[in-house]
Amino acid sequence: MNAVQLRRIGMALLAPAIAIAVSVLVTTIVIAAVGSSPGDFWSAMFSDPTPRLRVNIVNQTAMIYTSAVAAAIGFRMGLFNIGIEGQYLMASFAAASFAGAAYLGGFANVAVSIIIAMAVGAAWAGIAGILRTTRGVSEVISTIMLNAIAVTLVGYLVDRHGVHEGNTVHTKTIESGSMVKGFTPYEARDGQIWALSILAVLVGVGFWVLLNKTRFGFDLRASGQSQTAALASGVNPKRMIVVSMMLSGGVAGLIWLPALFGAAGSYGTSYQSQLGFTGIAVALLGRNRPLGMLFGAVLFAFLSAQSNTLTFGTDVSPSIVQITQGVAVLAVVVSYEVVRRWRARLEQRVVAQELGTVEATA
């Protein structure tokens, strides 16, 4: 391995190293500032998770990763799809309602529910794409509004048509024959790894193939880097915006399905919100790359699961974990930009030195 290769590897590792160091430093300062023990916090964070937490980490990683891929599709196109939260909310409700109605039985019920979830998520995201291409409405504004509309609409539909039990309301419970359980790596009390977590693997592989092996992926990356250049090469930017938003929404529709068919059985109090916003943070952390986002999803799921140990074993608030996650994302974005500019200046200096040598020789 020559000096150039070593320098290239060093540059690639420099930004993550800076981000990790900054995250650890800022988190430690915050914990000390509020009067808690940084040692107790880091000891709890790096302790060996219990079997129940390990299962939880795997399940949460699958949902967070799917959410991150949905966000990354928009990012690679230069779109900021903040509406993932609303898209998977609408999709989860639609899938739970269809599956609970039991029009079909067994795996057919599951398969059609997955298709419905993707279609609903794509349609909800497509609204923002159409508004962007036809009326010039920023997708940031429209998706924020659509998130609020989705919460209100789903709340109304569940209250109007759901099953009321005491103070709770939910969609009809999915029949046991249509539930897709997982496997139990430890004892039964530690829970199961949901079988539909495999959707996250398929999404990740499909995202890599789409980006690197298809013409659509090339057009997506070209449009994200320069829409003017993409237009000059024959790419229709309006079509790409609508298709990308719908594709992002379709993937977002899959986010909560492993939990729905693996444990929840209905849409109601067991629904897990905020996965859309977490996915956006993980996509930024992973630089919109499949392996990078996988690392980010595991990290976020690990930190969230380990935050439970803070409640019982230390006097540190579990909310500190959210600060750590936020600082990590911010540090990654800033450090990558700093390293990129530094590397550009180094390359310019090398080129200038070589040109100076050539002119002196001439």
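Residues numbered from 1 in each chain as written. Predicted model: local features only at pLDDT ≥ 70, side-chain atom pairs only at ≥ 80, totals over all residues. Heavy atoms only, no water.

Student: Run through helix α5 (residues 106-135), naming residues and quoting values.
Tutor: If you check α5, its first and last C-alpha atoms are 44 Å apart, about what 30 residues at 1.5 Å a residue would give, namely 44 Å. One or two positions beyond α5, positive phi appears at G136, with a value near 75°. (Helix = DSSP H or I, 4+ residues; strand = E, 2+ residues; numbered from the N terminus. Expected span 1.5 Å × (residues − 1).)

Student: Account for the environment of F277, naming residues and giving values.
Tutor: Structurally, F277 can be placed in helix α12 (residues 275-285). The class for F277 is partly exposed, based on a relative accessible area of 37%. Residues F277 and S335 lie 58 residues apart in sequence; the distance between their C-alpha atoms is 22 Å. If near-sequence neighbours (up to four positions away) are discounted, F277 is found in contact with I82, E85 and N147. (Buried < 20%, exposed > 50% of the residue type's maximum accessible area, 1.4 Å probe, protein only. Contact = heavy atoms within 4.5 Å.)

Student: Requested: an account of a nonpolar patch on the surface, with residues and values cited.
Tutor: Among the surface-exposed residues, I198, V201, L202, V205, W208 and V209 lie close enough to one another that they form a single nonpolar patch of about 540 Å² accessible area. Relative to the helices and strands, W208 resides in helix α7 (residues 198-213). (Patch = residues over 30% accessible without salt bridge, like charges linked within 9 Å, V, L, I, M, F, W, Y side chains within 5 Å. Areas by Shrake-Rupley, 256 points an atom, 1.4 Å probe, with all protein chains shown as cover. Salt bridge = Lys/Arg side-chain N within 4 Å of Asp/Glu carboxyl O.)

Student: Describe the side chain of S142, listing the residues and the values that go with them.
Tutor: Following the sequence through the fold, S142 ends up in helix α6 (residues 139-161). Each residue touching S142, except ones within four places of it in the same chain, is listed here: A128, L131 and V137.

Student: Tell me about the pattern of salt bridges, and please be specific about residues and values.
Tutor: For the structure on display, the rule yields 6 salt bridges. Among the salt bridges present, the one from E139 reaches R132, with a minimum N-O distance of 2.5 Å. In this structure E139 comes out as buried when scored by relative accessible area, which is 6%. In this structure, the salt-bridge partner of R215 is D219, at a minimum N-O distance of 2.8 Å. Of the two residues, R215 and D219 both sit in helix α8 (residues 215-225), 4 residues apart, roughly one turn of that helix. Under the relative-accessibility criterion, R215 is labelled exposed at 54%. Linked through salt bridges whose partners overlap, the residues forming this network are E337, R340 and R341.

Interpretation in functional terms is not warranted from these geometric data alone.
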